[in-house]
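Breakdown of the fold
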Amino acid sequence: SPHQVVLVDGVADAPTMRDVDDTAHDAVDAFVSGVLAGNPPHPSFVVTPPSGIVGQRLMLMGHSFFRPMAEQMPFHAVRSGVAGHTQTVEFSGGASGAPLALWNDAGHRANVQAVLDTGTVELFGMTYEPTSPTTEGYELWFDYALSKNPDTKFFIGLPWADFPSRYADAAAYANFWQSSHDGSWHDFIDVLRGLYPDVEIYCIPYGQAALELRTLFEAGNLPEISVLTGVAGDGLFRDNKGHGHEEEILYDTAELVWLNAIYGVELDEYAYDPDYITDIKAIAKSIMDAHDPNYNGPNR
């Protein structure tokens, strides 16, 4: 039977109506993604959409500086005319969201492997977490995914640096991230490419969104924000760790970087109005336009 029953501890009614920790939502997402992954459209029925962009089947996994962008990809894919985009998101907070940590956790590993086992995943996206700075975790996942679909492509997203208030100002914050990205980060991608010479591997510099927005804020040119860290609709970050606010300017800008990096959607032509005074589509476009093309994906 395709039907499933999910019981959530301590909840007697419909948990999706007030799901605080996303347990029920995650169960529904996993079920729907599993059905879609196991029932891909026959190639003869894949029609190129008006946008000219055909969606991919994605497996996305990471921590809380990765998940918000991942979860909004279906919205932007539909809105921008990408047809056939499907995805599964596996989340674990902080250091436990690193690829090696997710591999070493039996539950998370089983969840992701179940999706990869369908052999239909076309793009596998992971995050970076400095507590696991080696390629070990990535290699474990690459090997497994490629054993199920040798044509799998991969991207690794570099988030913004956490604890932003530790940096004296926007310039210091930007310098730390940019020097890491242009130096050791691209070197890291090169190492992986050397290990997997016939595999498409690219990176998404979505963390730069935080640098650009903080720079505008300190220059008095970000009218949406009045403090660096504060409540929704007020602060660029919502806490000292550096999380953004849901459906607010930091995440919304980073999502657009993802959309352009993965699908090459022309952001200045994207019929989407996020209702900010600040032109976040232009910011996201400038980030990707300035990104070294040698580290972009095939659609960019």
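Refer to the structure presented above.
Just so it is clear, the structure is predicted and the values come from calculations on it, not from any experiment.

Moving on to the overall build of the protein chain. When you go through the protein chain residue by residue, the secondary structure sums to 10 helices and seven strands. For the protein chain, with 300 residues in total, the buried portion stands at 49%. Across the protein chain, the fraction of contacts at a sequence separation of at least 24, relative to all contacts at a separation of at least 6, is 72%. For the protein chain, the exposed area adds up to about 14100 Å²; of that, 53% sits on carbon and sulfur atoms.

On to the nonpolar core. Residues Phe 124, Trp 160, Trp 258 and Ile 262 are the most contacted members of the largest nonpolar core, which totals 81 residues. In terms of residue count, helix 9 (residues 249-263) provides more of this core than any other element does, 11 residues in total. Among residues more than four places away in sequence, those in contact with Trp 160 are Phe 65, Met 69, Tyr 173, Trp 177, Tyr 206, Gly 207, Ala 210, Phe 237, Gly 242, Leu 250, Tyr 251 and Ala 254.

In this section: unusual backbone geometry. At Phe 163, a position not held by glycine, the phi torsion is positive, near 50°. Here Phe 163 shows up in the loop between strand 4 (153-157) and helix 7 (170-195). For Asp 275, which is not glycine, the phi dihedral falls at a positive 65°. Mapped onto the fold, Asp 275 is located in the loop between helix 9 and helix 10 (280-290). We classify Asp 275 as exposed; its relative accessible area is 66%.

Read across the sheet, five strands follow the order 2-1-3-4-5 without closing on themselves; strand pairing throughout is parallel. The open sheet has two free edges, formed respectively by strand 2 (86-91) and strand 5 (201-204), since each of these has just one partner strand. Here the strands of the sheet are splayed against their neighbours by 20° on average, with no regard to which way each runs. The sheet contact formed by strand 1 (residues 57-62) and strand 3 (residues 123-127) spans four bridges and is parallel.

Time to look at the pairing of strand 4. Buried residues dominate strand 4, accounting for four of its five residues. Relative to strand 4, strand 3 is paired through five bridges, and the arrangement is parallel. Its bridge partner being in strand 4, Leu 123 is matched across the sheet by Lys 153. Where the polypeptide runs from strand 3 across helix 6 (residues 136-148) and back to strand 4, its parallel neighbour, the crossover connection is right-handed. Here four bridges tie strand 4 to strand 5, and the two strands are oriented parallel to one another. The residue bridging Gly 157 from the neighbouring strand is Ile 204, located in strand 5. Read from strand 4 through helix 7 to strand 5, the crossover connection turns out right-handed.

How two helices pack is summed up by the angle between their axes together with the distance between the axes. Relative to each other, helix 8 (residues 208-218) and helix 9 sit at 130°, their axes nearing to 9 Å. In terms of orientation, helix 8 and helix 9 fall into the oblique class. As for how helix 8 packs across helix 9, the hand of that crossing is right-handed. Each of Ala 209, Ala 210 and Leu 213 in helix 8 lies in contact with helix 9, whose residues at this interface are Ile 249, Leu 250, Thr 253 and Ala 254. Its residues placed into classes, the contact of helix 8 with helix 9 shows six nonpolar, one polar and no charged.

Rules used in this analysis
- Residues numbered from 1 in each chain as written.
- Predicted model: local features only at pLDDT ≥ 70, side-chain atom pairs only at ≥ 80, totals over all residues.
- Heavy atoms only, no water.
- Helix = DSSP H or I, 4+ residues; strand = E, 2+ residues; numbered from the N terminus.
- Buried < 20%, exposed > 50% of the residue type's maximum accessible area, 1.4 Å probe, protein only.
- Contact = heavy atoms within 4.5 Å.
- Areas by Shrake-Rupley, 256 points an atom, 1.4 Å probe, with all protein chains shown as cover.
- Core = buried A, V, L, I, M, F, W, Y, C linked by side-chain atoms within 4.5 Å.
- Pairing = 2+ DSSP bridges.
- Axes fitted to C-alpha atoms, helices over the stretch in contact; angles between N-to-C directions.
- Right-handed = clockwise from strand over helix to strand, strands pointing away.
- Parallel < 35°, antiparallel > 145°, perpendicular 65-115°, else oblique.
- Left-handed = near helix turned anticlockwise from the far one by under 90°.
- Nonpolar A, V, L, I, M, F, W, Y, C, P; charged D, E, K, R; others polar.

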